[in-house]
Amino acid sequence: MVCSGLEISLAEAKKKEKSPRFLAGLKNRREKRHSRSMSGSLAFDRNTELIETFRTQMQISEAMDALIRRKLVRLASGKSFGQIDVAQIALGLLNGTMKSEFQNEKSYIQWKNRQANILEELLSAEQSVGTLLAKIRNFEEWDIKMSPSECRDVLFSIRNVALTLSSMPGNLGIQGETYYWSAGYPFHIRLYQKLLLGVFDILEDGRLIEEADEILKLIKSTWPLLGITQKLHDVLYGWVLFQQFVGTEEAMLLDYAVRKVRNILSPEDVGKKETKYLESLVCCTRRNGSEIRLNLVQSILWSISLWCDNKLLDYHWHFRQKPRLFKGVLSMALVAGNQKFGASGNMELMLDASDEIIASKVRMYVETSAEAACKRVTGAINAGSKVDKKHPLALLASELKSIAEKQLTVYHPVLRHWCAEAGVVSALKLHRFYGERLEPFLKNISCLSEDVKQVLAAAILLENYLLELHSSEPVENGMHSPLMLDFERKIGEIARPIILDWVIAQHARILEWTGRAADLENWEPLSHQQKQAASAVEVFRIIEETVDQFFELRLPVDITHLQALLSIIFHTLDAYLQKVVNQLVDKHNLYPPAPPLTRYKETAFPSAKKKLVESVVLDNAVNKKLDALTTSKLCVRMNTLQYMQKKISTLEDGIRESWSAVRLLKDQTCPDVDPRWTWNGILEMCSESVDELFVATFDCIRDSAADAIRKTCELVGARVVFWDLREPFIFNLYHGGVEGARLETTLPQFDRVLNNVCALIDDTLRDIVVKSIFKASLEGYAWVLLDGGPSCAFSDFDVVMMEDDLNILKDLFVAEGEGLPRSLVEEEARFAHQILSLFSLRAESVIQLLMTSSEHSSIGLEAHKYGHRHLGDAHTLIRVLCHKKEREASKFLKLHYHLPASSVYDEAATEDASVKSPLMADLIKRSASFRWSDKGSSSFRSFKKKIQEATSDFRHVGW
């Protein structure tokens, strides 16, 4: 600044300060007219702003700045300098400076001593200067005892020494070189670094100020004074940037520093003199216990390299919180760290290091960092296992997996640019470290304990990550090292049998829990929304828990293990279904016994009536089952079976998905594994065999559940009609006469029962349950028509009312389109309509049908079946005749079967012997061989006596 017209600049500034305000408008007009002539003034203003900004950045107070400027103005006005140096500036500042010019004595002393220190360092070659500088440092002597003239003499003596030194030529003959370039370079370097720090924001050290480039241009004016060249500037600015990065961890600064270091090492044309100059700036440091001498550039690069190496040799630790800095530090290490030390200890910069050398260095970083990470986690394992209650090997595998995962996702994408096999190196290192500790554990495994589960699962998971890391880059031969499958092979050999033993051991436990849950079941719904029983939920919970435990083992499994697991599921669900089905009773146990066969006869006079044979009492076990099989509990059973159907599908899908995930994980982690290195062909499990296992297991269970639903549904219908509605529907319908006991009196009970059932049953089962009740009601209606007993007899007029009742029953289940489909109802009611059509026939026609039926039976023809009845068989036709109010029917039954009149019996329950009677069966069998003619003459009469003999034994026993 002194050499570039500061005095003129200050004069201009003074003129500006003294300009009157009234000239402001004139000045503005002149600026508009002469914009070009004012460009210099604008440049001056900009420089003034930059200098002010720089003062603020250097944290120099305004008072100190004003003092320095005054001193420099006086120094510049005293003499014209051809070339200025720092020593002369320091002397000029000391000359005439008084304590009164400072705010306090302490500031003055500090400032004065700083100038003395500068002079001492620059003029250290002259011993006489030391005594003179001691006087300056002594406050009492310099500021109190010595007169101003004496002080000037001291400064003059020092100035003579400084001028003598500054007049000495440079050592290398570089243009503008002075004695101080080499002799005072340590101070010059520190001063220049201090100036360079001014480009960083004092409020935010990690950022450059906006005026950084302009400030650097101003600083460049100091290069001749301080002995700075472009190369040296790049070195020092890169060093300052790097140091600032170290302090702030701002990645942008590191990027800038890397660029500057690259500029240093770029093969640009540098003069021999400048090269010698840079080599002459020598520093001393220590390496491997011995002192080595480096030039300034080497020293800076060596320092940067040491710092980067320190971080990169354990990058898993140093970059764990800020991995984004890893790439920049690695780049800097590879740029600045290519030095080579000779046998003598001298270092040589390697400007063009080969790819092999760089890859070797990166490989060293990977190996060393992996070793450091392994040692670090091992030290924390014992304490961690006590807290987490996990086996140390499981914790170690988990920690190593985290290291491998971090290596794969964070570090390898960076490392691969310089060393393609970095992933392989890291994977092998971690694999070997863990394998050495896992081997003794594997030798002592005998069962699938909790520790074994933890360790083996963690080892497999670690192996998967290591395989993925190992496969991150293609290796030369395209194959994976067989060593990388070492865990899986050994663990597979040990785990397969103990996993199978574990699965088999679950069988007894699950069956025990399933049986207990079924035995304790009371068949009540869980809630209004969950209409199934609790036992099925518990059974599936146990199964799902076992399935989860199986797949959460995370161990090598094959189709044998899957088969064992599915076998457990099959036997568990099958056992539960068998228990549920075995608790049911045959629906025919609910059917009332049929009364004895009689012929209709009206009596005008009362007579002594015979009592019907009493019904056979059901077995106690059947009665006990019936007591527990109420309609509501049967509905809950059906809901439970339907719930099982849904859960079976969900369970199958879940197992398939988990099995596929096991296969997918295997395929992803070992996509190119040589089949020679797989154990027992685990990667070649046949998908077709697996599908067959699933089909054989779950389809069979579905079929069993569907059959149980069918049986329970049929029992619901029979229970509702033949048990819950036995009195109002079966026993009272048409009892004593059609007109007085019609169906409409029973409809409220039907409606109430249907409403209750629909409220209890699951919506998906409603239609089949209502259909079952409808079919049972039709069976009950047919029972009333054919087995209603002596009190039920129907005339032609009654048939019309009975047709109306049947239509009412159908309409009840159609429910105005909200119930069963009309077509289904009509189809199911066809047999009942056909029975009514028989009652509408004359007795002669029914008798003729009876003879025709016997004739068809003799040639092997059979009528259409409905349940256990045939529309045209002897059973049905004889019962139609028994319940017909017609003289010809009664006469036929009396003449050919000797059936008693209906008026002989009291109404009471009787044993259902008609169906099971061997005599009746024998009669039907023998009648099938009869060939009756249309008029019923020869063949009919020839066997008439035999029929009468056969029927005489059971005419008092009900069909």
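From a predicted model like this one, the values you see are computed outputs, not experimental measurements.

### Structural notes on the overall build of the protein
Counting its regular elements, the protein contains 42 helices and six strands. For the protein, buried positions account for 46% of its 959 residues. Pairs at least 24 apart in sequence give 78% of the contacts found in the protein among residues at least 6 apart. As displayed, the protein has an accessible area near 48,500 Å², and 52% of this comes from carbon and sulfur atoms.

### Some details on helix H29 (residues 687-724)
Here H29 spans 53 Å end to end across 38 residues, near enough to the 56 Å set by a 1.5 Å rise per residue. The sharpest bend along H29 reaches about 25° and sits at Ala 718.

### Considering the confidence of the model for the protein
In low-pLDDT regions, the fine details of the predicted coordinates are not to be read closely. Mean pLDDT over the protein stands at 81; residues scoring 70 or higher make up 79%. Across the protein, element-level confidence peaks in helix H18 (residues 315-318) with a mean pLDDT of 95 and bottoms out in helix H41 (residues 938-942) with 37. Here residues 6-37 is a poorly scored stretch, pLDDT under 50, and it has eleven contacts once near neighbours within four places are set aside; other chains count. Throughout residues 858-866 the model reports pLDDT below 50, and contacts reaching past four residues in sequence, or to other chains, amount to 17 contacts.

### Regarding helix H32 (residues 766-787)
With 22 residues, H32 ought to run about 32 Å at 1.5 Å a step, and its terminal C-alpha atoms sit 30 Å apart, in line with that. Of all 22 residues in H32, 16 are buried, a share of seventy percent or more.

### Points about the pattern of salt bridges
As a working rule, side chains carrying opposite charge can pair if their charged atoms are close by. Summed over all chains, the structure comprises 42 salt bridges. In this structure, Arg 822 engages Asp 811 in a salt bridge whose closest nitrogen and oxygen atoms are separated by 3.1 Å. A residue pair is termed long-range when its members are at least 10 positions apart, and Arg 822 in helix H34 (residues 822-828) and Asp 811 in helix H33 (residues 796-814) qualify at eleven residues. For the salt bridge of Lys 884 with Glu 886, the shortest nitrogen-to-oxygen distance reads 3.6 Å. Since its relative accessible area comes to 1%, Lys 884 is described here as buried. A single salt-bridge network, built from bridges that share partners, covers Glu 652, Arg 656, Asp 691, Asp 699 and Arg 702.

### Considering unusual backbone geometry
Phi is positive for Gln 59, which is not a glycine, with a value near 55°. Take Gln 59: it is sitting in the loop between helix H3 (39-57) and helix H4 (62-78). Given a relative accessible area of 66%, Gln 59 falls into the exposed group.

### Concerning the packing of aromatic side chains
Here the structure, examined in full by the defined rule, presents 24 aromatic pairs. When the ring of Phe 794 is compared with that of Phe 839, the centres are 5.3 Å apart and the planes differ by 90°; the resulting orientation is edge-to-face. One end of the pair, Phe 794, is in the loop between H32 and H33; the other, Phe 839, is in helix H35 (residues 830-839), with 45 residues separating them in the sequence. Here the two residues Phe 794 and Phe 839 agree in accessibility, since each one is buried. Within the aromatic cluster, the residues linked to one another by ring pairs are Trp 239, Phe 242, Phe 245 and Trp 307. Over the ring of Trp 317 we find Arg 320; its NZ or CZ atom is 3.5 Å from the centre of that ring. Its guanidinium or amino end placed over the ring of Phe 433, Arg 437 lies 3.6 Å from that ring's centre, counting from NZ or CZ.

### A word on the packing of H29 against H32
Look at H29 against H32: their axes get within 8 Å of each other, and the N-to-C directions meet at 50°. In terms of their interaxial angle, H29 and H32 are classed as oblique. For the pair H29 and H32, the crossing hand works out as right-handed. Only Ile 768, Val 769, Ser 772, Ile 773, Ala 776, Ser 777, Glu 779 and Gly 780 of H32 make contact with H29, whose side of the interface consists of Ile 709, Cys 713, Glu 714, Val 716, Gly 717, Ala 718, Val 720, Val 721 and Phe 722. Across the contact of H29 with H32, the residue classes break down as eleven nonpolar, four polar and two charged.

### Quick notes on the nonpolar core
In terms of nonpolar packing, the biggest core is built from 157 residues, with Leu 400, Tyr 434, Ile 569, Ile 655 and Tyr 781 touching the most fellow members. For this core, the element with the most residues is H29, which contributes 15 residues.

### Regarding the side chain of Arg 637
Assignment of secondary structure puts Arg 637 in helix H28 (residues 631-669). One buried charged side chain, Arg 637, makes no salt bridge at all; its nearest oppositely charged neighbour is Glu 521, positioned 8.6 Å away. Here Arg 637 is in contact with Trp 523, Val 580, Gln 583, Leu 584, Leu 629 and Thr 712, once residues within four sequence places are set aside.

### A closer look at the packing of helix H19 (residues 326-336) against helix H21 (residues 392-415)
In contact at an axis separation of 10 Å, H19 and H21 are set at 30° when each is read in the N-to-C sense. Judged by the angle between their axes, H19 and H21 are roughly parallel. The element H19 and its partner H21 pack so that their crossing is right-handed. Within the contact between the two elements, H19 uses Phe 326, Lys 327 and Leu 330 and H21 uses Tyr 411, Val 414 and Leu 415. Split by residue class, the contact of H19 with H21 holds five nonpolar, no polar and one charged.

### Section: the environment of Ala 782
Relative to the elements of secondary structure, Ala 782 occurs in helix H32. Put simply, Ala 782 and Phe 831 are 49 residues apart on the chain and 8.3 Å apart in space, counted from C-alpha to C-alpha. Contacts of Ala 782, omitting those with residues within four sequence positions, involve Asp 787 and Ile 835.

### As for the environment of Leu 573
Examined against the element boundaries, Leu 573 turns out to sit in helix H26 (residues 559-582). As a C-alpha pair, Leu 573 and Ala 536 span 37 residues in sequence and 9.2 Å in three-dimensional space.

Calculation notes
- Residues numbered from 1 in each chain as written.
- Predicted model: local features only at pLDDT ≥ 70, side-chain atom pairs only at ≥ 80, totals over all residues.
- Heavy atoms only, no water.
- Helix = DSSP H or I, 4+ residues; strand = E, 2+ residues; numbered from the N terminus.
- Buried < 20%, exposed > 50% of the residue type's maximum accessible area, 1.4 Å probe, protein only.
- Contact = heavy atoms within 4.5 Å.
- Areas by Shrake-Rupley, 256 points an atom, 1.4 Å probe, with all protein chains shown as cover.
- Expected span 1.5 Å × (residues − 1).
- Bend = angle between axes of the 7 residues up to and from the residue.
- pLDDT = per-residue confidence, 0-100.
- Salt bridge = Lys/Arg side-chain N within 4 Å of Asp/Glu carboxyl O.
- Phe/Tyr/Trp six-rings, centres within 6.5 Å; stacked < 30°, edge-to-face > 60°.
- Lys NZ or Arg CZ within 6 Å of the ring centre and 35° of its normal.
- Axes fitted to C-alpha atoms, helices over the stretch in contact; angles between N-to-C directions.
- Parallel < 35°, antiparallel > 145°, perpendicular 65-115°, else oblique.
- Left-handed = near helix turned anticlockwise from the far one by under 90°.
- Nonpolar A, V, L, I, M, F, W, Y, C, P; charged D, E, K, R; others polar.
- Core = buried A, V, L, I, M, F, W, Y, C linked by side-chain atoms within 4.5 Å.
- Lys, Arg positive; Asp, Glu negative; His and termini not counted.

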